[in-house]
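# Summary of structural features
So you can see what is in the structure, the chains are spelled out below.
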Amino acid sequence: MISNDSEKEPLISLREHRRYAIEPNSNGNGEVTPLASSERITYSWSNINVFAPSSVAPKGGFLNSLLEGTRPPPCEGKQILKNVSGIARTGELLAIMGSSGAGKTTLMDVLTSRSSARLQVTGLLCANGVPVSSDELISKQAYVQQEDLFIGTLTVKEHLIFQALLRMDKHVTLNQRIERVNAVIVELGLSKCENTQIGDRFRIRGISGGEMKRLSFAAEVITNPSLMFCDEPTSGLDSHMAANIVNVLKKLARLGKTIVCTIHQPSSQLFSLFDKILLVSEGRVAFLGTRSDAESFFASIDLPCPPNYNPADHYVQSLAVAPGREQSCREAITMICDEFEKSDLGVQLAADTAATVDDASVTITRGRKTVPYKVSWCAQMHAVIWRSWITIFKNPSYVGLKIGQTILIAILVSLIYAGQTLTEEGVMSINGVMYIFLSNMTFENLFSAVLVFCTEMPLFIRDHRRGMYRSDVYFLSKNIVDLPLFILSPVLTIAICYYCIGLNPLPDKFFTTLGITILAINASVSFGYMISCLSEKVDVSISIAAVITMPAMLLSGYYINFGSMPKYLRWISYFSWIRYGYECLMTNQWTGIDHINCNGTSTCPENGQMVLDTYAFSADHTMANIGALLGLLFGFRILAYIFLLLKTYTVD
C-alpha cells in the first residue's frame, strides 16, 4: 500500500542541495554495509537461445519502431546463442570473455533484460534456484554501461546526491541519503574529487577516466543492489586504471554482491583478479570455472597455455575464427565446446542449472517500464529541476555567451536603425526592423531549443529505464528551467532597441511589442523542442529546423503580401509564428498614426492605416493572432512531449 504521508517525502531545497554538495564529508570513516544473507542472490541461466529474424528492416527511429507492433513476430533466422547455461554465485566476480562476435554482448543483454525486441529469446533465468521473469530482478540489479553518461557541470557529489534522491526508497530520510552518499564516496575512493565537476570531452575539464568509471559504479552502489552487471568496465583505460577498476569490483563482490562483467583482452594482471571466467564462442559455452580449472581443462584437450603467456590471450585466440581458416576454426571450437559439456565441470554446470530445465523453452520477453518510481511526482520534479538548473547556470560560458550575443546584436541593430522618423524611408526601416526582431530572435533561440533534448536523450533514456523519473517530469523541468533565458532574450532586445530606433513611444505600445515578441519567440522555442524530441541526432535536428523555418519566414507577410500568396502554399503560413507576430507588431506600431511626412511623394503612405493596407494587415486580427501564437506555443510543446514519450516506449 502506498503511503500518502507527504511529510516523510525526502524533499530537499536548492539551498540544502548546494550545502550538501560542497561541504566536506563529515563521516570520513563511513563504509558501505555488506548485503544481508537474505539479500544475496546466486543468479543462474539455462538453455538460453537467441534468434535473430531472417530479415530485419533498417532502423529508422521510433516511427519504424511503432510499425513493429503491427508486424508478425520475427521468424527464426540466425541463431546467436545456442543453449547457453551458466551460474554467477554470490560474492564472486565472473568475467565473460570471448572474441568479437562470440555472443558476449547478446548474453549480457539477455541477463539484464535489455535484449532487442527484434530478437526471439528463450530460456530460463533463476535467482537462488527459483525461476524468475526477466523483469522481476530489475529492482535488485544494477547495470554499468560501457559508455559513461554524465552531465559534465555536476560535481561528483552532486551527481550521487541526485541518484540518491531518486533511486532510494521514499521512507529513507534526507540525512540517511547523504550519509549513504558519503559512505559510497569513501568506499570507492572518490573523496579527493567529490567537489570536482565531472566534465566532458569538449568544454569542461573534469575528473579522470578512472574516476569517471568508479563514479559509474558509485551511482549503482547507492541502492546497494544484489546483482551488478558491467559492460566492458576497463574499456579505454590504461593498465593501472583498469586494475584499479577490477579491484573495485572485487571489493564490491566481497560485500556479498554477485558481479558479472564482459571484458575484452584483459592483461594477465587483470585475468588473475577474476574469481571465475565464462568463455563463449560461436554462441556456445566453451568453459565456465576458475582460472586453475581453465588451465587444467585446456591442457586436457591438448591446448595448454604456453609458459610466460597471458592465459586470457591464449583462451580467446583458441576460440577465435581466423580469416582464411574459418572451417577448421569452427571445427576446433565445436570440439572444445563438446569436450566441456562432457567434462566434470560441464556436467556439474548442467546439474546446477537443471532444476527447472523442463521449462527452459519459455520465451523471455524484454522487461520494460516495470521499475516502480521510488519517490513521488513532486519529489522527482524537485530533484530534476535542481539538476537542470545546475546544468545551465553552472556553465557560465553558455549563459554569458547567450546574454552577450543578445546584447551585442541588439546594440548593432540600434546603431544601424537609430533615430527613425515618420517618413517614407523611416516607414520602410521600421517595418524591416520589426521583422528583424522576430527573425533574428527566432534563429537565436530556436536552435538553442533544438539542442535541449537531443544532447541529453541517451542520459534521459537510461535514467527513465532505471525508474528514476517520469517523462513528463523531465519535459516540464526542462521547460521551467529554460523559460527565464527564453524570456530574457526578447526583453533585452526590445529594451535596448525600442526607443533608440524611434518606434511608437506610447508606453502601452512598448509593452505590447514586448509581450508579442516574447510570445512569438517562445512559440519558436516550442517548435525547436518538437524537432529536438522528434529527431535522434543533433545534426539532423538542426538541418530539419533550418529547412522548415525558411518557409515560416518567407510566408510571414514581409516578403510577400497575403493577398498575392499562392493558395496552395497559404496553408503553410498558418503554422508560422513569424506571420502572427509580425502582423501584431505592425498593427501595434501603426494603429493611431494619422500622419506620415511624405514630402509630396506619390508612393508614400499618408498614415498608419495605409501602411497596414499595403501588407493586408488589420488590427481586427490582433486577438486571433495572439490566440494562434498561444496555440502554436502549446501545440508544438504537446507534440514534443508526445514524441519524447514515444521514444521511451520504442527505443531498444
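Residues numbered from 1 in each chain as written. Predicted model: local features only at pLDDT ≥ 70, side-chain atom pairs only at ≥ 80, totals over all residues. Heavy atoms only, no water.

### Here we look at a nonpolar patch on the surface
Formally: Within this analysis, patches are made of residues with over 30% relative accessible area and no salt bridge. Like charges are joined at 9 Å or less; nonpolar side chains (Val, Leu, Ile, Met, Phe, Trp, Tyr) at 5 Å or less. Note on areas: these come from Shrake-Rupley sampling with a 1.4 Å probe, and a residue is covered only by the protein chains present in the view. One side-chain nitrogen of Lys or Arg within 4 Å of one carboxyl oxygen of Asp or Glu is enough to make a salt bridge. Under the scheme used here, helices are H or I runs from DSSP no shorter than 4 residues and strands are E runs no shorter than 2 residues, and both carry numbers assigned from the N terminus. The buried label applies to any residue whose accessible area, calculated with a 1.4 Å probe on protein chains only, is under 20% of its type's maximum; exposed applies above 50%, and partly exposed to all values in between.
Together, Leu-630, Phe-634, Ile-638, Leu-639 and Ile-642 line one region of the surface with nonpolar side chains, adding up to about 440 Å² of accessible area. Relative to the helices and strands, Ile-638 is located in helix H23 (residues 622–650). For Ile-638, a relative accessible area of 52% corresponds to the exposed category.

### Re the sheet that holds strand E6 (residues 141–144)
Where we set the bar: Here the rule is simple: two strands pair whenever DSSP picks up at least two bridges between them. Orientation is described by axes fitted as lines to C-alpha atoms, over the contacting stretch for helices, and by angles from 0 to 180 degrees between their N-to-C directions. Should any heavy atoms of two residues lie within 4.5 Å, those residues are counted as being in contact.
Strand order in this open sheet of six strands is E6-E7-E8-E3-E9-E10, and the pairing throughout is mixed. The open sheet is flanked by E6 and strand E10 (284–289), the only strands paired with a single partner. Adjacent strand axes in the sheet meet at a mean angle of 15° when their direction is disregarded. In this sheet, strand E9 (residues 276–281) lies alongside strand E3 (residues 93–97) in parallel orientation, the contact comprising four bridges. Paired with Met-97 across the bridge in E9 is Leu-279. The strands that helix H7 (residues 239–254) touches are E3, strand E7 (227–231) and strand E8 (258–262); relative to E3, the one it contacts most, it runs at about 135°.

### Focus on unusual backbone geometry
Notably, Asn-47 is not glycine yet its phi reads approximately 50°, a positive angle. For Asn-47, the position within the fold is in strand E1 (residues 43–53). Judged by its relative accessible area of 25%, Asn-47 is partly exposed. Despite not being glycine, Asn-224 shows a phi value in the positive range, around 55°. Assignment of secondary structure puts Asn-224 in the loop between helix H6 (209–221) and E7.

### Some thoughts on the packing of aromatic side chains
For clarity, the threshold we go by: In this analysis, rings of Phe, Tyr and Trp, with Trp reduced to its six-membered ring, are considered paired at centre separations within 6.5 Å, and the interplanar angle assigns stacked below 30 degrees, edge-to-face beyond 60, and tilted for intermediate values.
This model, assessed by the stated rule, comprises 30 aromatic pairs. For the ring pair Phe-475 and Tyr-641, a centre distance of 5.7 Å and an interplane angle of 55° mean the geometry is tilted. With Phe-475 in helix H17 (residues 471–501) and Tyr-641 in helix H23, this pair connects stretches of sequence that are 166 residues apart. Relative accessible area serves as the criterion here: at 24%, Tyr-641 is assigned to the partly exposed category. With centroids separated by 5.7 Å and ring planes inclined at 80°, the aromatic side chains of Tyr-582 and Phe-617 adopt a geometry described as edge-to-face. One end of the pair, Tyr-582, is in helix H21 (residues 577–590); the other, Phe-617, is in the loop between helix H22 (608–614) and H23, and 35 residues separate them in sequence. Grouped by ring-pair contacts, the aromatic residues Phe-162, Phe-453, Phe-460, Tyr-469, Tyr-474, Phe-475, Tyr-529 and Tyr-641 constitute a single cluster.

### Section: the nonpolar core
This is how the line gets drawn: For the purposes of this section, nonpolar cores are sets of buried Ala, Val, Leu, Ile, Met, Phe, Trp, Tyr and Cys residues that join through side-chain atoms within 4.5 Å.
Trp-45, Ile-277, Trp-577 and Trp-590 are the most contacted members of the largest nonpolar core, which has 182 residues in total. Looking at this core, the element that brings in the most residues is helix H15 (residues 424–454), giving 14 residues. Those residues in contact with Trp-577 that lie beyond four places of it in its chain are Thr-442, Leu-446, Ala-520, Ala-523, Ser-524, Phe-527, Thr-549, Ala-552, Leu-629, Leu-632 and Phe-636.

### Structural notes on the pairing of E8
Put simply, the test is: By convention, a crossover is right-handed whenever its connection, traced from the first strand over the helix to the second and viewed with the strands pointing away, goes clockwise.
The buried count for E8 comes to five of five residues, which makes it a mostly enclosed element. Sheet analysis places E7 next to E8, joined by five bridges and oriented parallel. Following the sheet pairing, Met-228 is matched in E8 by Ile-259. Assessed by its sense of winding, the connection that carries the chain from E7 through H7 to E8 is right-handed.

### As for the pattern of salt bridges
All told, the structure shown has 16 salt bridges when counted by the stated rule. Glu-220 is the salt-bridge partner of Arg-167, the closest N and O atoms lying 3.0 Å from each other. Residue Arg-167 is found in helix H4 (residues 156–167), and its partner Glu-220 is found in helix H6; the two are separated by 53 residues along the sequence. Overall, the relative accessible area of 11% leaves Arg-167 in the buried class. Looking at Glu-220, the relative accessible area reads 1%, which means it is buried. Salt bridges sharing partners connect three or more residues here, namely Arg-167, Glu-220 and Arg-466.

### What to know about the packing of helix H13 (residues 377–393) against H17
Two quantities define a packed helix pair, namely the angle between the helix axes and the distance between the axes. Operational definition: Comment on the angle field: the value is read as roughly parallel under 35 degrees, roughly antiparallel over 145, roughly perpendicular from 65 to 115, and oblique elsewhere. Take the far helix as the reference: if the near one is turned anticlockwise from it by less than a right angle, the crossing is left-handed, and if turned clockwise, right-handed. Each residue gets one label: Ala, Val, Leu, Ile, Met, Phe, Trp, Tyr, Cys and Pro are nonpolar, Asp, Glu, Lys and Arg are charged, and the others, such as Gly, are polar.
Interhelical geometry of H13 versus H17 gives an angle of 40° and a closest axis separation of 9 Å. Between H13 and H17, the crossing angle belongs to the class labelled oblique. Relative to H17, H13 is oriented so that their crossing is right-handed. Judged by residue contacts, Trp-377, Gln-380, Met-381, Val-384, Ile-385, Arg-387, Ser-388, Trp-389 and Ile-392 of H13 engage Asp-472, Val-473, Tyr-474, Leu-476, Ser-477, Lys-478, Ile-480, Val-481, Asp-482 and Leu-485 from H17. A class-by-class count of the residues in the contact of H13 with H17 yields twelve nonpolar, three polar and four charged.

### Considerations on the pairing of E3
Buried residues dominate E3, accounting for five of its five residues. Neither face of E3 is exposed, since Leu-93, Ala-95 and Met-97 on one face and Leu-94 and Ile-96 on the opposite face are all buried. In this sheet, E8 lies alongside E3 in parallel orientation, the contact comprising four bridges. In the sheet register, Ala-95 faces E8, and the bridge partner there is Cys-261.

### Some points on the environment of Val-248
Within the secondary structure, Val-248 sits in helix H7. A relative accessible area of 9% places Val-248 in the buried class. Taking the C-alpha atoms as reference, Val-248 lies 8.7 Å from Phe-217; in sequence the two are 31 residues apart.

### A few points about H7
Under the convention used in this document: To estimate the expected span of a helix, subtract one from its residue number and multiply by 1.5 Å. Polar contacts, as counted here, are pairs of nitrogen or oxygen atoms within 3.5 Å of one another; within protein the pair requires one atom able to donate a hydrogen and one able to accept it, and residues that are adjacent in sequence qualify only if both atoms are side-chain atoms.
A rise of 1.5 Å per residue sets the reference length of H7, with its 16 residues, at 22 Å; its end C-alpha atoms lie 23 Å apart and thus fit the reference within 8%. Restricting attention to buried positions, one finds in H7 the residues Ala-242, Ala-243, Ile-245, Val-246, Val-248, Leu-249, Lys-250, Leu-252 and Ala-253. In this fold, the buried residues of H7 make contact with E3, H6, E7, E8 and helix H8 (268–271). For H7, the side-chain oxygen to backbone nitrogen distance between the N-cap and His-240 is 3.1 Å, and the N-cap itself is Asp-238. Count one or two residues on from H7 and you reach Gly-256, which has phi positive near 105°.

### Describing the confidence of the model for the protein chain
Using the following cut-off: On a scale of 0 to 100, pLDDT captures the predictor's confidence in every residue.
Confidence in the prediction for the protein chain averages 82 pLDDT; 86% of positions are at 70 or higher. Residue range residues 356–361 is modelled with pLDDT below 50. Its contacts to residues more than four positions away, or to other chains, number twelve contacts.

### Re the environment of Ile-516
Following the sequence through the fold, Ile-516 ends up in helix H18 (residues 507–534). On the accessibility criterion, Ile-516 (6% relative accessible area) is buried. Taking the C-alpha atoms as reference, Ile-516 lies 9.7 Å from Asn-625; in sequence the two are 109 residues apart. Excluding residues that lie within four positions of it along the chain, Ile-516 makes contacts with Gly-581, Cys-584, Leu-585 and Ile-626.

### Concerning H15
As a reminder of what qualifies: The quantity called bend is, for any residue, the angle between two axes fitted respectively to the seven residues ending at it and the seven beginning at it.
The end-to-end C-alpha distance of H15, which contains 31 residues, comes to 46 Å, matching closely the 45 Å that a straight helix rising 1.5 Å per residue would cover. The sharpest bend along H15 measures roughly 25° and falls at Thr-442.

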